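Overview (structure and organization)
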Amino acid sequence: MQLKLIFILIFYTLFFISINSLPPPHTARVKFEDSKLIYIYDKNDTYFTRLVLYKDMFRPRSEMAPNYFNCTISENDRICVFHSDEPFSRLWGTVYSRACFREESNGEEDCRTLLAWNEIPEPFNVKFSRLPPTSGGDIVINGTFLRLVGGPNTLDHSIAYVESFHVKGNFSDPSFNCNSIIVTIPPGSGKFNLYFDDEKKHEVPFSYSPPIISSTTTDISKSIIIINGNNFYTDNSLVKVYYDNIQQQNITITLNHTQIQVGNLNISDPGPISVHININGLSIEKNYSACIPATINSISSVSSHIGGIVTIIASKLISTSKPSLIPIVEIGGHRCSFIQSNENTILCQLNPDKSGGKNIPISVSFGGCYSIINGIKFSYDIPTLSYAVVLDGVVNIIGLNLASLKEQTLIEVNSEYSLINTIITEFQVSPDEKKLSFELPRSRCESINIMVTHGGVTSILRTHVPSFKSGVFKKPSSVNGTLVLELYNIICPFVFKHPTITFGNSTPIECSVPALQIPMSDFYLTSCPAPYGTGNDKQYTLDYNIGQYESKYSYAPPIIESRSFSEGQTNITIHGSNFGNSLSLIKVFFNGSDISSEISSVSDSQFSFKKKSSYENGMMNITVDGINMESLFYVTLPPIIYSINDALDYSCSGKFTIHGKNLLTKDEEFQVKVLANDQNTTKIYSNEKILYVKTNSIRSPINASVYIGKYLILSKPLIYYKKKNIHDPYYDSSIDNC
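1. Side note on the pattern of salt bridges
As enumerated under the stated definition, the model contains 12 salt bridges in all. Close ionic contact of lysine 168 with aspartate 138 constitutes a salt bridge, the shortest N to O distance being 2.5 Å. Remark: aspartate 138 occurs in strand S9 (residues 137–144) and lysine 168 occurs in the loop between strand S11 (165–167) and strand S12 (180–185); sequence separation between them is 30 residues. Aspartate 138 sits in the partly exposed class, given a relative accessible area of 30%. Each of Arg61, Glu63, Glu86 and Arg90 takes part in salt bridges that share partners, so that together they form one network.

In structure tokens:
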């Protein structure tokens, strides 16, 4: 009813103004600059005297400084220059702002005409910090007269079915600069107009950022090209893709804004193609060059010796549209001289060098576009093994033509006093094929055997590891922790003796006698008591009968096990382990925000902080002295009750709503219960923010109360009455008419 009365009041007010006010001035023209506003009228016409800028429909700006128009007569014109006690950067208002004017013959000032009904200056010298990406974001707009009769916290535009953009900032703040505003642009695409006045008298053309291509991936087997980049938006129907100026049809946005997949690839020639993208009328600024590669199916040679003729069988090996593109073939990093090619075959000749071997990689390229090899490699010449040596934890086998060992070869390593064989699956061969290297596997003993089986023949190479090593098997907890270390590469047979460990500059501590975890283990374990601590890269020195080894260890990561709340739910306590005891060393992130400064107390097993109403259910991550949690913990929060509200129509329905958040929590201790006159209510509709309930009673007053668990949170008396005609002189909204 109040809303109806407001609209009736506005109607009669505007009607009264229109029939009693002076006719508004007829502006001949308006001149304006960064800090100048001039209105020019006929000297006998009414003219502006000052501006009354409104912050909303009813309230003028209370903080606005005095202003006036200084008018002078020049021939038949009256030239009125605007003056204000505050800078133009504070010149803002809404569509409800008014202009005061005076008639020459009358002399009275009339301030009842809306400024927007007159000529207003268009935004001047407008500049944008950037074009927004299609994913949206904030931009900065600079200029003059940006908010004279617009918003001020909304910015209109020409995009259909999209709400006005949000303008950030408190315009009533005297320090706020209205000539530099931050506007939040939602996700979108294409070109559109901005309207800085709510009457849409002046439009400023604008657009989202054009598409950008960063990379492409071609999958010939699936006949697709994947285009990676940005500003692709989310609507397939707005995307146009052209290959060499030919529009493609099968287009899908596979990742919003950043990835497009184009299917039904039907290009017979290998080599580069020009890719052009248009998103809702905005084209890429520079075409991107993508590759259509040849696909290698097999390779053979008329000779197994260096200098032979090589035949490569593949698809897309000749370009009919670009006959000048000659394929470049490389085998093992050396050019194979091109002889001839057709669509499915290339002939080339190996250079007469001495780089033969097995499983040599092949490369075929057209105009810089490299072929898809599908695991095809080339082999010639055979390997020879000489000896093995261990250096800095790497085993190096020395010989000739060792690249052929990459195919059908078994390399095993074992300790001299162990039956455990470790199979080596990853190794590297030097470019001259004279050295094969792999990382030394863990071994109980310092003496190792290397067995290489190739072509049915096994070669055994024996070598020694220079010194024993230690590694962390299990990290210690912050309090009363135990550091479990691995020992390997020790002198065999094994001698039972207690190692000692020194942490930093502390006194040496005795560790347990090394033992095998299982009989077939390839290392020994020893347990050492660790001092209290947190963090990474802590120094330790291990002494054993075979020598001394220095290394570093880290403490175990923090673990969250549960959460609890204080009475009244004002504080949250997180329970777990390895939190340390220093507020300066713990970092807590809740829903991505750093809340470390909110922590009031911390111990190794728990920390507490105050629960804010702005917090939402979400993930918690902890870092203690540089060590992150291994698994995040999902924290659920109790409900918050904001208000109890009457039914919108105030009818005798017995319905009312509860507003809050987290209202659908599954925690038994935080269940929301709504009572009416201490009786249960019936839930009609609910979500996380609203409960819509009905009571069996429809007679006023009704005392509505909301509980969380066993605690009363909020109560309110509700009044119901029957709705009558607002013109009924006996209508009384304060009595129960049910």
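2. Some words on a nonpolar patch on the surface
Nonpolar side chains collect at one region of the surface, where Met619, Leu632 and Tyr634 lie side by side and expose about 310 Å² of accessible area between them. Its place among the elements puts methionine 619 in strand S54 (residues 618–624). Accessibility expressed as a relative area gives 41% for methionine 619, which makes it partly exposed.

3. Things to note about the state of the cysteines
Under the counting rule described, the total for this entry stands at five disulfides. Here cysteine 100 engages in a disulfide with cysteine 111; their sulfurs sit 1.9 Å apart. Its torsion about the S-S bond being 115°, the disulfide of cysteine 100 and cysteine 111 is classed as right-handed. In this pair, cysteine 100 sits in strand S6 (residues 98–102) while cysteine 111 sits in strand S7 (residues 109–114), placing the two residues 11 residues apart along the sequence. Under the relative-accessibility criterion, cysteine 100 is labelled buried at 0%. By relative accessible area, which is 23% here, cysteine 111 ends up partly exposed. Bridging cysteine 291 to cysteine 369, the disulfide has an S-S length of 2.0 Å. Note on the cysteine 291 and cysteine 369 pair: the S-S dihedral is about -80°, so by sign convention the disulfide is left-handed. Pair noted here: cysteine 291 is in strand S23 (residues 288–292) and cysteine 369 is in strand S30 (residues 369–370), with a separation of 78 residues, a long-range link. In this structure cysteine 291 comes out as partly exposed when scored by relative accessible area, which is 28%.

Calculation rules
Residues numbered from 1 in each chain as written. Predicted model: local features only at pLDDT ≥ 70, side-chain atom pairs only at ≥ 80, totals over all residues. Heavy atoms only, no water. Salt bridge = Lys/Arg side-chain N within 4 Å of Asp/Glu carboxyl O. Helix = DSSP H or I, 4+ residues; strand = E, 2+ residues; numbered from the N terminus. Buried < 20%, exposed > 50% of the residue type's maximum accessible area, 1.4 Å probe, protein only. Patch = residues over 30% accessible without salt bridge, like charges linked within 9 Å, V, L, I, M, F, W, Y side chains within 5 Å. Areas by Shrake-Rupley, 256 points an atom, 1.4 Å probe, with all protein chains shown as cover. Disulfide = S-S within 2.5 Å.

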